[in-house]
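The primary structure of each chain is shown beneath.
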Amino acid sequence: MIILGIETSCDDTGVAILKIENWKLEILSNLVSSQIKIHKKYGGVFPTLAKREHKKNLPIVFKKALKESKIKENQIDLISITIGPGLEPCLWVGVNFAKNLAKKLDIPIVPVNHIEAHILVNFVSKNSKFQIPNSSIFPAVCLVVSGGHTQLILMEKIGKYQLIGETRDDAAGECLDKVARLLGLGYPGGPAIEKISKFQIPNSKLKVTLPRPMIKQKNYDFSFAGLKTAVLYDFLKRPEKVRKSKEYKILMAKEVQQAVIDVLISKTIKSAKEFGANLIILGGGVAANEELRKQIIENSKFQIPNSKILIPPKELCTDNGLMVAVTGYFRKETATKNFDKIVAEPNLKI
Ligand code: KG4
Ligand code: ZN
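What you are looking at is a predicted structure, and each value in this text was computed from that prediction instead of being measured.

Enquirer: So what about the site of ligand 1? Which residues, and what values?
Expert: Lining the immediate surroundings of ligand 1 are 21 residues, of which Gly147, Asp177, Gly190, Glu194 and Gly285 lie closest. Between ligand 1 and the protein, one listed contact pairs an oxygen atom with a backbone N or O atom of Gly285 at 3.0 Å. One of the side-chain N or O atoms of Asp319 is found 3.0 Å from an oxygen atom in ligand 1. Taking 560 Å² as the accessible area of ligand 1 by itself, protein coverage stands at 92%. Of all the elements in the fold, those that place two or more residues in the shell around ligand 1 are helix H4 (114–120), helix H5 (172–183) and helix H6 (189–197). Residue classes in the shell around ligand 1 are distributed as six nonpolar, twelve polar and three charged.

Pasting the structure below:
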């Protein structure tokens with residue numbers, strides 16, 4: 001079976017083509033066209049511009065993917081498309097493209113939830129095989145953390161999820177993007193903050209400390225807007241010379257990154273303990289952060305002995321077509337040719 005996966009929920013145009021036979025997986029193509037250069041000057045994603053770029057890029061990326069896969073479009077058996085959550089104008093570009101192609105080829109479509117796709121991409125291993133955990137290891141606690149989402153999800157099995165906590169305001173990645181913009185570090189902010197945080201400043205006289213919002217509260221919700229405001233207050237009280245110094249930028253980047261990591265890890269491990277989960281699954285752009293990856297592995301090993309943790313390779317943490325194609329395969333029983341029912345759902349819940 002050949003599956004086409006399409007992702008256009010935010011600012012990445014992702015197209016993947018997979019060949020799957022009896023759970024044997026071959027990634028024929030997985031291409032992402034990023035719009036970073038276009039959104040850089042706004043310090044965030046500008047939806048109408050993103051829609052225009054998806055419209056322009058999607059047919060080109062699709063053609064490239066077919067060429068790379070060495071297949072003709074009439075060999076595709078199934079189309080898997082992200083219908084939400086995400087930016088509505090962007091989602092419609094992918095949905096309409098998928099519907100037109102499916103009608104032309106007379107093949108069904110699987111509508112995919114973007115959050116579930118960030119989770120299920122973990123079941124593709126480095127050697128491009130499926131690695132589906134034994135059912136006895138469930139439930140799992142999944143942390144999906146990106147520019148648009150920060151959610152903790154209890155997963156009973158593939159297809160059965162319960163949202164146990166989410167951000168009440170900004171997503172973690174959004175907070176890092178805004179802080180990076182304030183410090184003049186560029187966009188996207190997460191990788192920029194990670195990069196500058198690697199510098200060491202021994203014996204610095206500057207002290208930068210930020211709160212860990214909601215870390216002590218007995219729930220699994222997050223709040224990162226307050227953290228962003230705390231950064232702004234600290235920034236405004238510093239003399240201009242300090243604000244512009246590399247030393248201040250490094251110390252602030254380290255502290256904001258660590259504040260985000262502390263809250264994410266604390267709530268994830270607490271929820272895993274409460275729900276008896278021995279499996280922790282990460283996904284979303286922020287999961288590409290090396291410190292978060294390292295520290296959550298160390299902490300879970302220490303605090304939940306025998307626990308297992310799944311984190312996608314970095315390039316599969318950020319948005320891509322492969323995660324959508326893989327989810328389409330897992331959920332192929334929901335495939336439909338009733339195309340009128342397939343619509344963009346910007347606020348789709350898991
Ligand atoms: O999953 P994603 O590509 O798109 C959304 O669904 O939002 O995530 C993008 C977000 C951005 O906020 C970006 O700054 C953040 O993920 N990000 C990172 C890293 N790479 C991307 N944050 C921290 N460290 C990184 N290495
Ligand atoms: Zn995403």
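Enquirer: Any chance you could break down helix H2 (residues 47–69) for me, citing the residues and the numbers?
Expert: With 23 residues, H2 extends 31 Å from end C-alpha to end C-alpha; this agrees with the ideal 33 Å at 1.5 Å per step. Of all the bends in H2, the greatest reaches close to 35° and is centred on Asn57; the proline Pro59 follows between one and four positions later. Every buried residue belonging to H2 is among Leu49, Ala50, Glu53, His54, Asn57, Leu58, Val61, Phe62, Ala65, Leu66 and Ser69, and all of these are buried. Of the surrounding secondary structure, the elements contacted by the buried residues of H2 are strand E1 (2–7), strand E2 (12–21), strand E3 (24–34), helix H1 (36–39) and helix H3 (88–105). In the stretch just after H2, Lys70 is the one whose phi turns positive, near 55°.

Enquirer: Please give an account of unusual backbone geometry that cites residues and values.
Expert: With an omega dihedral of 10°, the bond running from Phe138 to Pro139 counts as a cis peptide bond. Its place among the elements puts Pro139 in the loop between H4 and strand E6 (140–145). We note that Asp106 has phi near 55°; this positive angle belongs to a residue other than glycine. As for its position among the elements, Asp106 is in the loop between H3 and strand E5 (109–113). With relative accessibility at 53%, the residue Asp106 sits in the exposed group. If you check the backbone angles, Asn306 has positive phi at about 70° while not being a glycine. Overall, the relative accessible area of 75% leaves Asn306 in the exposed class.

Enquirer: Got a sec to walk through the coordination of the zinc ion (ligand 2)? Specific residues and values, please.
Expert: Ligation of the zinc ion (ligand 2) by protein atoms is provided by His114 (NE2), His118 (NE2) and Asp319 (OD), these donors lying 2.1 to 2.2 Å from the ion. Classification of the site at the zinc ion (ligand 2) rests on its four donor atoms, whose angles at the metal span 92 to 151°, yielding the label irregular. Look at where the donors of the zinc ion (ligand 2) fall in the sequence and you get H-x3-H-x200-D. One end of the pair, His118, is in helix H4; the other, Asp319, is in the loop between strand E10 (308–310) and helix H11 (321–330), with 201 residues separating them in the sequence. Residues His118 and Asp319 agree in their burial class; the two are buried.

Enquirer: Before we move on, can you summarise the pattern of salt bridges with the specific residues and values?
Expert: Applying the stated rule across the entire model yields 18 salt bridges. Taking the shortest distance from any N to any O, the salt bridge between Lys104 and Glu73 comes out at 2.7 Å. Note that Lys104 is positioned in helix H3 and Glu73 in the loop between H2 and strand E4 (78–84), a separation of 31 residues in sequence. Overall, the relative accessible area of 59% leaves Lys104 in the exposed class. For Glu73, a relative accessible area of 22% gives the class partly exposed. Across the pair Glu156 and Lys160 runs a salt bridge whose closest N-O atoms are separated by 3.4 Å. Here Lys160 falls in the partly exposed class, since its relative accessible area comes to 43%. Beyond isolated ion pairs, a larger network of salt bridges with shared partners links Asp170, Glu174, Lys178 and Lys228.

Enquirer: Explain the side chain of Ser9 residue by residue, including any values.
Expert: Mapped onto the elements of the fold, Ser9 is located in the loop between E1 and E2. A polar side-chain atom of Ser9 sits 2.6 Å from a polar atom in the side chain of Glu7. Within the structure, the side chain of Ser9 is placed 3.3 Å from the side chain of His114, a separation counted as a polar contact. With near-sequence residues (within four places) excluded, Ser9 lies in contact with Thr82, Pro85, Gly86, Leu87, Cys90, Leu91, His114 and Asp319.

Thresholds, definitions, all that
Residues numbered from 1 in each chain as written. Chains lettered and ligands numbered in written order. Predicted model: local features only at pLDDT ≥ 70, side-chain atom pairs only at ≥ 80, totals over all residues. Heavy atoms only, no water. Near = heavy atom within 4 Å. Polar contact = N/O pair within 3.5 Å; in protein donor to acceptor, adjacent residues only side chain to side chain. Areas by Shrake-Rupley, 256 points an atom, 1.4 Å probe, with all protein chains shown as cover. Helix = DSSP H or I, 4+ residues; strand = E, 2+ residues; numbered from the N terminus. Nonpolar A, V, L, I, M, F, W, Y, C, P; charged D, E, K, R; others polar. Expected span 1.5 Å × (residues − 1). Bend = angle between axes of the 7 residues up to and from the residue. Buried < 20%, exposed > 50% of the residue type's maximum accessible area, 1.4 Å probe, protein only. Contact = heavy atoms within 4.5 Å. Donors = N, O, S within 2.8 Å, 3.2 Å for Na, K, Ca; no water. Tetrahedral: all angles 85-135°; square planar, octahedral: opposite > 155°, others 65-115°. Salt bridge = Lys/Arg side-chain N within 4 Å of Asp/Glu carboxyl O.

Everything listed is a geometric property; what it means functionally is a separate question.
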